[in-house]
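# Report on the structure
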Amino acid sequence: MASIQVQACTNFIVGKKASIDGSVMCSYSADSYGAYMKMAHYPAAKHAKGEMRKVFDWDTNRYWGEIPEAPETYNVLGNINEYQVAIAETTFGGREEMADSTGIIDYGSLIYIALQRSKTAREAIKVMTNLVETYGYNSEGETFTICDPNEAWIMEMMGQGAGSKKVVWVAVRIPDDAVCAHANQSRIRTFNQKDKENVMFSKDCIKYARKMG
(Lines give C-alpha, C1' and ligand atoms only; values in the text may rest on other atoms or scores of the structure.)
Protein backbone atom coordinates (compact mmCIF):
# COMPACT_ATOMS: atom_id res chain seq x y z
CA MET A 1 0.00 0.00 0.00
CA ALA A 2 1.37 3.40 -1.00
CA SER A 3 0.58 6.70 0.65
CA ILE A 4 1.33 10.34 -0.06
CA GLN A 5 1.40 13.38 2.20
CA VAL A 6 -0.53 16.44 1.08
CA GLN A 7 -1.22 19.89 2.44
CA ALA A 8 -4.55 20.75 0.90
CA CYS A 9 -7.56 22.82 1.90
CA THR A 10 -10.89 21.11 1.31
CA ASN A 11 -14.44 22.43 1.05
CA PHE A 12 -17.57 20.24 1.05
CA ILE A 13 -20.96 21.73 0.15
CA VAL A 14 -24.47 20.32 0.61
CA GLY A 15 -27.53 21.89 -1.02
CA LYS A 16 -30.72 22.36 1.01
CA LYS A 17 -32.58 19.56 -0.80
CA ALA A 18 -29.63 17.22 -0.36
CA SER A 19 -29.62 17.54 3.44
CA ILE A 20 -32.04 15.77 5.77
CA ASP A 21 -33.26 18.92 7.52
CA GLY A 22 -33.22 21.29 4.56
CA SER A 23 -30.08 23.12 5.63
CA VAL A 24 -27.41 24.46 3.31
CA MET A 25 -24.10 23.24 4.71
CA CYS A 26 -20.43 23.71 3.96
CA SER A 27 -17.21 22.61 5.60
CA TYR A 28 -13.73 24.13 5.46
CA SER A 29 -10.49 22.46 6.44
CA ALA A 30 -7.36 24.57 6.04
CA ASP A 31 -4.70 21.89 6.10
CA SER A 32 -1.58 24.05 6.32
CA TYR A 33 0.90 22.49 8.74
CA GLY A 34 2.23 25.02 11.21
CA ALA A 35 -0.42 27.64 10.39
CA TYR A 36 -2.32 27.84 13.65
CA MET A 37 -5.03 30.27 12.66
CA LYS A 38 -6.75 32.61 15.08
CA MET A 39 -10.53 32.70 15.36
CA ALA A 40 -11.50 35.83 13.47
CA HIS A 41 -14.05 38.13 15.12
CA TYR A 42 -15.24 41.40 13.65
CA PRO A 43 -18.02 43.03 15.73
CA ALA A 44 -20.87 44.77 13.94
CA ALA A 45 -20.22 48.49 13.62
CA LYS A 46 -21.28 51.81 12.10
CA HIS A 47 -18.65 53.81 10.23
CA ALA A 48 -18.41 57.52 9.58
CA LYS A 49 -18.20 58.88 6.06
CA GLY A 50 -14.57 58.98 4.96
CA GLU A 51 -13.44 56.30 7.43
CA MET A 52 -10.83 53.99 5.90
CA ARG A 53 -10.04 50.34 6.50
CA LYS A 54 -6.44 49.12 6.49
CA VAL A 55 -5.90 45.90 4.53
CA PHE A 56 -3.35 43.40 5.83
CA ASP A 57 -2.46 40.13 4.10
CA TRP A 58 -4.33 37.31 5.86
CA ASP A 59 -1.36 34.92 5.70
CA THR A 60 1.63 37.20 6.28
CA ASN A 61 0.12 40.30 7.94
CA ARG A 62 1.83 42.44 5.29
CA TYR A 63 0.22 45.87 4.93
CA TRP A 64 -1.31 46.32 1.47
CA GLY A 65 -3.15 49.64 1.67
CA GLU A 66 -6.50 51.20 2.55
CA ILE A 67 -10.04 51.05 1.21
CA PRO A 68 -13.14 53.03 2.28
CA GLU A 69 -15.18 51.44 5.05
CA ALA A 70 -18.80 50.49 4.44
CA PRO A 71 -21.34 52.64 6.34
CA GLU A 72 -22.38 49.52 8.28
CA THR A 73 -20.56 46.24 8.84
CA TYR A 74 -21.98 43.00 10.26
CA ASN A 75 -20.86 40.71 13.05
CA VAL A 76 -18.47 38.00 11.87
CA LEU A 77 -17.18 35.02 13.84
CA GLY A 78 -14.89 32.62 12.07
CA ASN A 79 -16.05 32.21 8.49
CA ILE A 80 -19.73 33.04 9.03
CA ASN A 81 -21.61 36.23 9.79
CA GLU A 82 -24.78 37.13 11.67
CA TYR A 83 -26.89 36.58 8.53
CA GLN A 84 -25.47 33.06 8.14
CA VAL A 85 -23.42 33.96 5.08
CA ALA A 86 -20.41 31.64 5.09
CA ILE A 87 -17.31 31.87 2.87
CA ALA A 88 -14.47 29.35 2.57
CA GLU A 89 -11.76 28.66 -0.01
CA THR A 90 -9.22 26.33 -1.55
CA THR A 91 -6.24 27.47 -3.61
CA PHE A 92 -5.63 26.02 -7.07
CA GLY A 93 -2.83 28.37 -8.05
CA GLY A 94 -3.28 28.43 -11.79
CA ARG A 95 -1.04 30.20 -14.27
CA GLU A 96 1.71 32.15 -12.52
CA GLU A 97 1.74 34.98 -15.05
CA MET A 98 -1.84 35.87 -14.12
CA ALA A 99 -0.99 36.84 -10.52
CA ASP A 100 -1.05 40.60 -9.89
CA SER A 101 1.37 41.73 -7.17
CA THR A 102 0.12 45.32 -7.46
CA GLY A 103 -3.38 44.57 -6.16
CA ILE A 104 -4.17 45.36 -2.53
CA ILE A 105 -6.78 42.66 -1.82
CA ASP A 106 -5.62 39.13 -0.99
CA TYR A 107 -7.90 36.10 -0.81
CA GLY A 108 -8.17 36.09 3.00
CA SER A 109 -8.92 39.79 3.34
CA LEU A 110 -11.47 39.42 0.56
CA ILE A 111 -13.34 36.74 2.52
CA TYR A 112 -13.58 38.69 5.76
CA ILE A 113 -14.37 42.05 4.20
CA ALA A 114 -17.18 40.40 2.21
CA LEU A 115 -18.56 38.69 5.32
CA GLN A 116 -18.75 42.07 7.04
CA ARG A 117 -20.67 43.60 4.13
CA SER A 118 -23.05 40.88 2.88
CA LYS A 119 -26.49 39.60 3.88
CA THR A 120 -26.75 36.92 1.16
CA ALA A 121 -24.44 34.75 -0.91
CA ARG A 122 -25.30 36.67 -4.07
CA GLU A 123 -24.51 39.95 -2.35
CA ALA A 124 -21.17 38.50 -1.17
CA ILE A 125 -20.25 37.63 -4.76
CA LYS A 126 -21.01 41.19 -5.85
CA VAL A 127 -19.04 42.65 -2.94
CA MET A 128 -16.04 40.41 -3.60
CA THR A 129 -15.90 41.06 -7.32
CA ASN A 130 -16.44 44.81 -6.94
CA LEU A 131 -13.57 44.97 -4.44
CA VAL A 132 -11.03 43.20 -6.62
CA GLU A 133 -12.16 44.97 -9.78
CA THR A 134 -11.60 48.28 -7.98
CA TYR A 135 -8.44 47.60 -5.95
CA GLY A 136 -6.84 44.59 -7.63
CA TYR A 137 -6.42 40.98 -6.49
CA ASN A 138 -2.95 39.87 -5.48
CA SER A 139 -3.45 36.18 -4.63
CA GLU A 140 -3.21 33.10 -6.82
CA GLY A 141 -6.17 31.30 -8.31
CA GLU A 142 -8.85 30.52 -5.71
CA THR A 143 -12.08 28.58 -5.54
CA PHE A 144 -14.41 30.20 -3.02
CA THR A 145 -17.38 28.51 -1.36
CA ILE A 146 -20.10 31.09 -0.72
CA CYS A 147 -23.28 30.04 1.10
CA ASP A 148 -26.33 31.43 2.89
CA PRO A 149 -29.37 29.62 4.38
CA ASN A 150 -31.00 29.32 0.94
CA GLU A 151 -28.29 28.62 -1.61
CA ALA A 152 -24.65 27.76 -2.23
CA TRP A 153 -22.20 28.94 -4.86
CA ILE A 154 -18.63 28.33 -5.90
CA MET A 155 -16.64 31.15 -7.45
CA GLU A 156 -13.25 30.86 -9.12
CA MET A 157 -11.02 33.90 -9.47
CA MET A 158 -7.64 34.83 -10.87
CA GLY A 159 -5.82 38.06 -11.68
CA GLN A 160 -4.92 39.23 -15.17
CA GLY A 161 -1.21 39.78 -14.68
CA ALA A 162 1.13 42.13 -12.86
CA GLY A 163 0.00 45.75 -12.93
CA SER A 164 -3.35 44.95 -14.52
CA LYS A 165 -5.56 45.61 -11.45
CA LYS A 166 -8.00 43.31 -13.25
CA VAL A 167 -9.53 39.92 -12.49
CA VAL A 168 -11.28 37.12 -14.33
CA TRP A 169 -13.92 35.18 -12.41
CA VAL A 170 -16.87 32.81 -12.73
CA ALA A 171 -19.50 31.96 -10.09
CA VAL A 172 -21.83 28.96 -10.44
CA ARG A 173 -24.74 28.08 -8.15
CA ILE A 174 -24.73 24.56 -6.70
CA PRO A 175 -28.13 22.91 -7.40
CA ASP A 176 -30.26 22.53 -4.27
CA ASP A 177 -30.33 18.74 -4.62
CA ALA A 178 -26.59 18.38 -5.14
CA VAL A 179 -23.38 18.10 -3.17
CA CYS A 180 -20.03 19.52 -4.26
CA ALA A 181 -16.42 19.34 -3.10
CA HIS A 182 -13.24 21.13 -4.11
CA ALA A 183 -9.69 20.70 -2.87
CA ASN A 184 -6.99 22.83 -4.51
CA GLN A 185 -8.12 22.16 -8.05
CA SER A 186 -10.31 24.30 -10.28
CA ARG A 187 -13.83 22.87 -10.54
CA ILE A 188 -15.60 25.10 -13.07
CA ARG A 189 -14.82 23.76 -16.54
CA THR A 190 -17.78 24.98 -18.59
CA PHE A 191 -20.77 27.17 -17.80
CA ASN A 192 -23.98 28.36 -19.43
CA GLN A 193 -23.56 32.02 -20.30
CA LYS A 194 -27.34 32.42 -20.76
CA ASP A 195 -28.29 31.11 -17.30
CA LYS A 196 -28.42 34.45 -15.52
CA GLU A 197 -30.11 32.94 -12.46
CA ASN A 198 -27.38 30.41 -11.68
CA VAL A 199 -24.24 31.77 -13.35
CA MET A 200 -22.30 35.01 -12.97
CA PHE A 201 -18.97 35.89 -14.61
CA SER A 202 -16.70 38.84 -15.34
CA LYS A 203 -17.50 40.89 -18.43
CA ASP A 204 -14.26 39.98 -20.19
CA CYS A 205 -14.11 36.37 -19.01
CA ILE A 206 -14.54 34.74 -22.43
CA LYS A 207 -12.44 37.34 -24.25
CA TYR A 208 -9.58 37.00 -21.77
CA ALA A 209 -9.67 33.20 -21.86
CA ARG A 210 -9.33 33.25 -25.64
CA LYS A 211 -6.52 35.79 -25.41
CA MET A 212 -4.62 33.48 -23.04
CA GLY A 213 -5.15 30.49 -25.32
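Up top is the structure.
Residues numbered from 1 in each chain as written. Predicted model: local features only at pLDDT ≥ 70, side-chain atom pairs only at ≥ 80, totals over all residues. Heavy atoms only, no water.

Take the overall build of the chain next. Broken down by element type, the chain carries three helices and 15 strands. A compact globule built from 213 residues should have a C-alpha radius of gyration of about 17 Å, and the chain, at 17 Å, falls within 12% of that. Across its three principal directions, the C-alpha atoms of the chain cover 50 × 45 × 45 Å. Of all 213 residues assigned to the chain, the portion counted as buried reaches 46%. Contacts in the chain between residues far apart in sequence, at least 24 positions, make up 68% of those at least 6 positions apart. When the accessible area of the chain is evaluated, it comes to approximately 11700 Å², of which 52% is carbon and sulfur surface. Within the chain, the 26 negative side-chain charges are centred at a point lying 7 Å from the centre of the 24 positive side-chain charges. (Helix = DSSP H or I, 4+ residues; strand = E, 2+ residues; numbered from the N terminus. Rg over C-alpha atoms; globule rule 2.2 N^0.38 Å. Buried < 20%, exposed > 50% of the residue type's maximum accessible area, 1.4 Å probe, protein only. Contact = heavy atoms within 4.5 Å. Areas by Shrake-Rupley, 256 points an atom, 1.4 Å probe, with all protein chains shown as cover. Lys, Arg positive; Asp, Glu negative; His and termini not counted. Charge placed at Lys NZ, Arg CZ, Asp CG, Glu CD.)

Once that is clear, we can look at the nonpolar core. Core analysis: the largest hydrophobic core is formed by 33 residues, its most contacted members being I87, L110, F144, I146 and M155. Those elements that provide at least two residues to this core are β6 (63-68), α1 (107-117), α2 (121-135), β11 (141-147), β12 (152-159) and β13 (167-174). Dropping the residues within four chain positions of it, I87 is found in contact with N79, I111, A114, L115, A124, M128, F144, T145 and I146. (Core = buried A, V, L, I, M, F, W, Y, C linked by side-chain atoms within 4.5 Å.)

Another point: the side chain of T73. Position of T73 among the secondary structure elements: in strand β7 (residues 72-73). For T73, a relative accessible area of 2% gives the class buried. Side chain to side chain, T73 and H47 meet in a polar contact 3.0 Å long. (Polar contact = N/O pair within 3.5 Å; in protein donor to acceptor, adjacent residues only side chain to side chain.)

Tallied over the entire structure, the rule returns five aromatic pairs. Judged by centre distance (5.4 Å) and plane angle (55°), the ring pair of F56 and Y63 falls under tilted. Residue classification places F56 among the partly exposed positions, given a relative accessible area of 35%. What makes Y63 partly exposed here is its relative accessible area of 41%. Each ring, one from F191 and one from F201, has its centre 5.1 Å from the other, and the planes form 50°; the classification is tilted. One end of the pair, F191, is in the loop between β14 (179-182) and β15 (199-201); the other, F201, is in strand β15, and 10 residues separate them in sequence. The structure contains a cluster of three or more aromatic residues connected by ring pairs, namely Y42, W58 and Y112. (Phe/Tyr/Trp six-rings, centres within 6.5 Å; stacked < 30°, edge-to-face > 60°.)

Residues in a regular strand project their side chains so that they alternate between the two faces of the sheet. The buried count for β12 comes to eight of eight residues, which makes it a mostly enclosed element. Of the two faces of β12, the one lined by A152, I154, E156 and M158 and the one lined by W153, M155, M157 and G159 are each fully buried. In this sheet, β12 lies alongside β11 in antiparallel orientation, the contact comprising six bridges. Bridged to C147 within β12 is A152. If you look at the hairpin formed by β11 and β12, you'll find four residues sitting between the two strands. (Pairing = 2+ DSSP bridges.)

One pass over the structure, following the stated rule, counts zero disulfides. In this structure C147 is a free cysteine whose sulfur lies 4.0 Å from that of C26, the closest cysteine sulfur available. The buried category is assigned to C147, whose relative accessible area is 3%. In this structure C205 is not part of a disulfide, and its nearest cysteine sulfur, from C180, lies 18 Å away. A relative accessible area of 7% places C205 in the buried class. (Disulfide = S-S within 2.5 Å.)

Moving on, we come to α2. Between its first and last C-alpha atoms α2 spans 21 Å; for 15 residues at 1.5 Å apiece the expected length is 21 Å, and the two agree. Of all the residues in α2, the buried ones are A121, A124, I125, V127, M128, T129, L131 and V132. Downstream of α2 by a residue or two, G136 has a phi angle that is positive, lying close to 90°. (Expected span 1.5 Å × (residues − 1).)

On to the environment of M158, then. As for its placement among the helices and strands, M158 is situated in strand β12. Judged by its relative accessible area of 11%, M158 falls in the buried class. Residues M158 and E89, spaced 69 residues apart in sequence, show a C-alpha to C-alpha distance of 13 Å. Discounting chain neighbours no more than four positions away, the residues touching M158 are F92, G93, G94, R95, M98, Y137, G141, V167 and V168.

None of the figures reported here should be taken as evidence of function without further support.
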